[in-house]
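Spelled out from the first residue to the last, the chains are:
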There are 2 protein chains.
Amino acid sequence: MAPQLDGYFKQVDTLSDHFIERLRKAVAIPSVSADEERRPDVVRMGEFLADELSALGAQVEKRPLGKQPGKEHLELPPVVIARYGNDKNKRTILVYGHYDVQPAGKEDGWATEPFELTVDDKGRMYGRGSTDDKGPVLGWLNAIEAHQKAGVDFPVNLLMCFEGMEEYGSEGLDDFIKAEADKYFADADAVCISDNYWLGTEKPCLTYGLRGCSYYSVEVSGPGQDLHSGVFGGTAQEPMTDLVRILGSLVDTHGKIQIPGLAELVAPLTDDEKSLYGNIAFEMSNLYESLGSETSIHPDKEKTLMARWRYPSLSVHGIEGAFSQPGAKTVIPAKVIGKFSIRTVPNMEPEDVDRLVFKYVDEQFKNLGSKNTLNCTLQHAGKWWVASPKHWNFSAAAKAVERVWGVQPDLTREGGSIPVTLTFEQATGKNVLLLPMGSSTDAAHSINEKLDKRNYIEGIKLLGAYLHYVAEEPMSN
Amino acid sequence: MAPQLDGYFKQVDTLSDHFIERLRKAVAIPSVSADEERRPDVVRMGEFLADELSALGAQVEKRPLGKQPGKEHLELPPVVIARYGNDKNKRTILVYGHYDVQPAGKEDGWATEPFELTVDDKGRMYGRGSTDDKGPVLGWLNAIEAHQKAGVDFPVNLLMCFEGMEEYGSEGLDDFIKAEADKYFADADAVCISDNYWLGTEKPCLTYGLRGCSYYSVEVSGPGQDLHSGVFGGTAQEPMTDLVRILGSLVDTHGKIQIPGLAELVAPLTDDEKSLYGNIAFEMSNLYESLGSETSIHPDKEKTLMARWRYPSLSVHGIEGAFSQPGAKTVIPAKVIGKFSIRTVPNMEPEDVDRLVFKYVDEQFKNLGSKNTLNCTLQHAGKWWVASPKHWNFSAAAKAVERVWGVQPDLTREGGSIPVTLTFEQATGKNVLLLPMGSSTDAAHSINEKLDKRNYIEGIKLLGAYLHYVAEEPMSN
């Protein structure tokens, strides 16, 4: 029979202002994992989480991960792990989230202070990390508190794993998860991760697939120091000239990756799979709204969804070491580092992608006949992941969505990467579910990131409801 | 008969520590004209100069130049003009210099604090602006002071014009010079500018030609905001993809500009001119030393000098709006602005260069078939300049060099641009001489800029000696 959730739902509504305050405190901590100087803030954010969890009666541990690979002067932020409930008669659900965020600065063009949660009259809560991933992480804490204050028995044992390096490749976490799989995480029956987004703005979804991400640096160096372009222009081979040519050879305007052999690694599209895309609640207008423009590659919904979910893409992110400020500087940069990444899909093995990328970049550079020095390296790689949506973990979540939102969720895949998803699946051997809280217009990783108040509050209800349904769902595989 | 200079020279040596202190004070003021936030420091540097000049008994004025074009919230720094001596029986020499500097930060890789003059055991004085152009500007002040303290009559009337926007295209100065040509600068008999460098490290030179510089921005925009490359990679046309392709199409590794029609604008090389290059005191080793590498385009001295002096070059300086920090950020930048500049030579008319550049960039973008928006603009342009080295202004300077350094100077041209040189020539109708103080290894515009103590102190003697010889030199044209 359907679980009794009204008391819990009512309590979530009653506590909504309090829950928003909790998010405000979290957003105020600039836990940017990519920025060395923010590392103390990342650690502070982990402590904030640990303290809140302890106050809710969870058993909390902050596990150190050692030094940051390649930056041994830096200590990695701790993994915050916690257990709430230890009843052998209940299922145990392992949830994961991250408390670090992408870089953000007012100078990037934010309309509000990125680290001050700002709620507008439409209930949009702006702030770095609001939707990625502090809102969802606090969602689990809020669900616990609402159960306590509503006097409703917590339906499962909850294991929590919150990391502080997700936006920088989850440094050090994989080994930790593998090591704890048969220890701290031993009695997990299923895994749930809330760290992605609805496809559109109205219909919730459950996500069973993710693209991987292989992030590369291409360094070109020559002169011993930056040079004056008047004095040396025309007499020195310029690293920037070589780099922009290499970066310009990777992908075309229409998203076609130019690296030979890469397309052959992609799993062929079956008619079966092809037929699924038509039914997904998604319109090109959703894409245009979240793009803020109509500069899309594909004209129709099916091609767009396939391009996002099941085909690779290559993005050039920027150049380190060149002149990047406003104004004019007549400099010849001595060493420039281009950054690009490839989103990978079944059946691309990361090692094969690396091999093809290094070979191609090397050939492109050789073709230039340059005396400069090239160094192409992999910064980090996370593999793609696809799970079985027929598992009870998914059917329970589907019922929870129907209860909270009144609709059947779409079964979707995502273009983004959450490398630990695959690690959890492989290490625990359990089914992993992605249960998003935010919507497609939340602008994660960009300026004016936000989480709608409705998605936050109803999302807290959803996480709680999911735990009730998953506690009752009959076994399956 | 040769002027009596021993007393003056001796006094310069006596005051050398005092002159280095004066340079230290100037370098300590971060007068970066390209950086809005440093504008008050630029103004402060102008005031420092004005105060020093007044203390030496010069009549000083700080002339406002109004608002900065395109940035009307910003006041341009004043032009500091001064007169020292007003004797109708003496020649009047107009000297120009600039008190602003290029951007600089420790994070760029400086070995020392860029705005703290740091003298090493080899007498190299490191600091932003030490050689470009604070050292030479203070050289004129030091020459006045040494004459006073040595009790030597100052041989000419000195008119001085020191600006604060040279590193940002000398905004507003051209109109000022034209307006004052028959007023404040009316009785100038010749012009001398010390704002360039020796060709090598040992032999002084007099410079009679400069390349021009046309600086462009290429803006590509599409999405309304930065995007997550996982969510939108493969579905959105990316401005960076378009921009790196455009920047990659401008010039090749060997310095060959790809813009059709540009080469046809260049004055043909005559056998006469060709024969001059062989005698110039310059070795490829000088180039390698100042490059800090052997990544040169040309294998021999002649081709290298021609490429620097009499052929155009194109340099890509960087990209604004993309990810430029260390680390990894999976962002699709919504708006990126590429910066590149072309060094121009006789007979390239800036308007023709603009026309060809805009046409080519436009065509390259059209060929991409992109839905993004392109906007290519000229940031600033300064025309090339070539003067007559047979003028008495040059012969006087040659004698001064021989007196101070014991060698005949090379007659050289430069690859860099000092746009006001041409303006002074056209506005005053007088001969303009470039009399460099620093050497080829001074690293102007790059990290670890320096001025050798020897070049500074002997350079002060040279500026003073030049004024004595120019006072005596018979008329000529």
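All values reported here derive from a predicted model rather than from experimental measurement.

**With respect to the overall build of chain A**
No. 1: Scanning chain A from terminus to terminus reveals 14 helices and 20 strands.
No. 2: Taking 2.2 N^0.38 as the reference for a compact globule, 477 residues should give roughly 23 Å; the C-alpha atoms of chain A span a radius of gyration of 23 Å, in line with that estimate.
No. 3: If one aligns the C-alpha atoms of chain A with their principal axes, the spans along those axes are about 80 × 50 × 45 Å.
No. 4: If you take every contact in chain A between residues at least 6 apart in sequence, the share linking residues at least 24 apart comes to 80%.

**A closer look at the packing of helix α5 (residues 173-180) of chain B against helix α13 (residues 420-428) of chain B**
Residues and elements named next belong to chain B.
No. 1: Interhelical geometry of α5 versus α13 gives an angle of 20° and a closest axis separation of 9 Å. One way to sum up the angle between α5 and α13 is to call them roughly parallel. The crossing of α5 and α13 is right-handed. Across from Leu173, Asp174, Ile177 and Lys178 in α5, the residues of α13 making contact are Val420, Thr423, Phe424 and Ala427.
No. 2: Tallied by class, residues from the contact of α5 with α13 come to five nonpolar, one polar and two charged.

**Side note on the relation of the copies chain B and chain A**
No. 1: Of the two same-sequence chains, chain B is brought onto chain A (RMSD 0.1 Å, axial shift 0.0 Å) by a rotation of 180°. Given the turn and translation reported, the copies of this chain are related as if by a two-fold rotation axis. It is B:Val244 whose C-alpha, among those of chain B, lies nearest the rotation axis, at 2.6 Å.
No. 2: Same-surface contact between copies: 99% of interface residues of chain B are shared with the interface of chain A.

**Points about unusual backbone geometry**
No. 1: Geometrically, the link from A:Pro346 to A:Asn347 is a cis peptide bond, its omega value of -5° lying close to zero.
No. 2: Mapping A:Asn347 onto the fold places it in the loop between β15 (335-344) and α11 (350-368).
No. 3: Between B:Asp132 and B:Asp133 the backbone carries a cis peptide bond, its omega angle lying at 10°.
No. 4: Here B:Asp133 shows up in helix α4 (residues 130-150).

**A short note on the sheet that holds strand β6 (residues 118-119) of chain B**
Residue and element names in this part refer to chain B.
No. 1: Taken in spatial order, the three strands of this open sheet run β6-β7-β20, and their pairing is antiparallel. Sheet topology places β6 and β20 (450-452) at the edges, where each strand pairs with a single neighbour.
No. 2: Relative to β20, strand β7 (residues 124-126) runs antiparallel, the two sharing three bridges. Residue pairing across strands places Tyr126 opposite Lys450, the latter belonging to β20.

**Overview of the domain arrangement of chain A**
All names here are of chain A.
No. 1: For chain A, the assigned domains are domain 1 (4-210 + 384-472) and domain 2 (212-267 + 310-382).
No. 2: The C-alpha-based centres of domain 1 and domain 2 are spaced at 34 Å.
No. 3: At the interface, 10 residues of domain 1 touch 12 residues of domain 2.
No. 4: Buried surface at the junction of domain 1 and domain 2, summed over both partners, amounts to about 780 Å²; 58% is from carbon and sulfur atoms.
No. 5: By the criterion of area lost to domain 2, the three top residues of domain 1 are Trp384, Arg413 and Ser417, representing 65% of everything that side buries.
No. 6: Across the contact surface, domain 1 and domain 2 share zero salt bridges.
No. 7: Residue classes in the side of domain 1 that touches domain 2 are distributed as five nonpolar, four polar and one charged.

**A few points about the sheet that holds strand β15 (residues 335-344) of chain B**
Within a sheet, adjacent strands bond to each other through the backbone by hydrogen bonds, running parallel or antiparallel.
All names here are of chain B.
No. 1: Read from one edge to the other, the open sheet built from four strands follows the order β13-β15-β11-β16, with strand pairing classed as antiparallel. At either margin of the open sheet sits one strand with a lone partner, and together these are β13 (313-320) and β16 (373-382). With strand direction ignored, the average angle separating the axes of adjacent strands in the sheet is 20°.
No. 2: Strand direction decides the pairing type here: β13 and β15, joined by seven bridges, are antiparallel. Across the sheet, residue Leu314 finds its bridge partner in β15, namely Ile342.
No. 3: Here helix α11 (residues 350-368) sits on the sheet and contacts β11 (212-221), β15 and β16; the angle it forms with β16, its principal contact strand, is near 160°.

**A look at the packing of aromatic side chains**
No. 1: Per the counting criterion, the structure on display carries 20 aromatic pairs over all chains.
No. 2: Aromatic pair A:Tyr184 and A:Phe185: ring centres 5.9 Å apart, planes at 90°, arrangement edge-to-face.
No. 3: Owing to a relative accessible area of 15%, A:Tyr184 belongs among the buried residues under this scheme.
No. 4: A relative accessible area of 1% places A:Phe185 in the buried class.
No. 5: With a centroid separation of 5.7 Å and 40° between ring planes, the pair formed by A:Tyr277 and A:Trp309 is classed as tilted. Of this pair, A:Tyr277 sits in the loop between α8 (271-276) and α9 (284-291) while A:Trp309 sits in helix α10 (residues 301-309), and the two are 32 residues apart along the sequence. Taken individually, A:Tyr277 and A:Trp309 each receive the classification buried, so the pair is uniform in this respect.
No. 6: Members of the aromatic cluster, connected to one another through ring pairs, are A:Tyr96, A:Phe176, A:Tyr184, A:Phe185 and A:Phe424.
No. 7: Over the aromatic face of B:Phe232 sits the side chain of A:Arg308, whose NZ or CZ is 5.6 Å from the ring centroid.

Rules of the game
- Residues numbered from 1 in each chain as written.
- Chains lettered and ligands numbered in written order.
- Predicted model: local features only at pLDDT ≥ 70, side-chain atom pairs only at ≥ 80, totals over all residues.
- Heavy atoms only, no water.
- Helix = DSSP H or I, 4+ residues; strand = E, 2+ residues; numbered from the N terminus.
- Rg over C-alpha atoms; globule rule 2.2 N^0.38 Å.
- Contact = heavy atoms within 4.5 Å.
- Axes fitted to C-alpha atoms, helices over the stretch in contact; angles between N-to-C directions.
- Parallel < 35°, antiparallel > 145°, perpendicular 65-115°, else oblique.
- Left-handed = near helix turned anticlockwise from the far one by under 90°.
- Nonpolar A, V, L, I, M, F, W, Y, C, P; charged D, E, K, R; others polar.
- Least-squares fit on C-alpha atoms with pLDDT ≥ 70 in both.
- Pairing = 2+ DSSP bridges.
- Domains from an automatic or database assignment.
- Buried area = accessible area lost by both parts, 1.4 Å probe.
- Salt bridge = Lys/Arg side-chain N within 4 Å of Asp/Glu carboxyl O.
- Phe/Tyr/Trp six-rings, centres within 6.5 Å; stacked < 30°, edge-to-face > 60°.
- Buried < 20%, exposed > 50% of the residue type's maximum accessible area, 1.4 Å probe, protein only.
- Lys NZ or Arg CZ within 6 Å of the ring centre and 35° of its normal.

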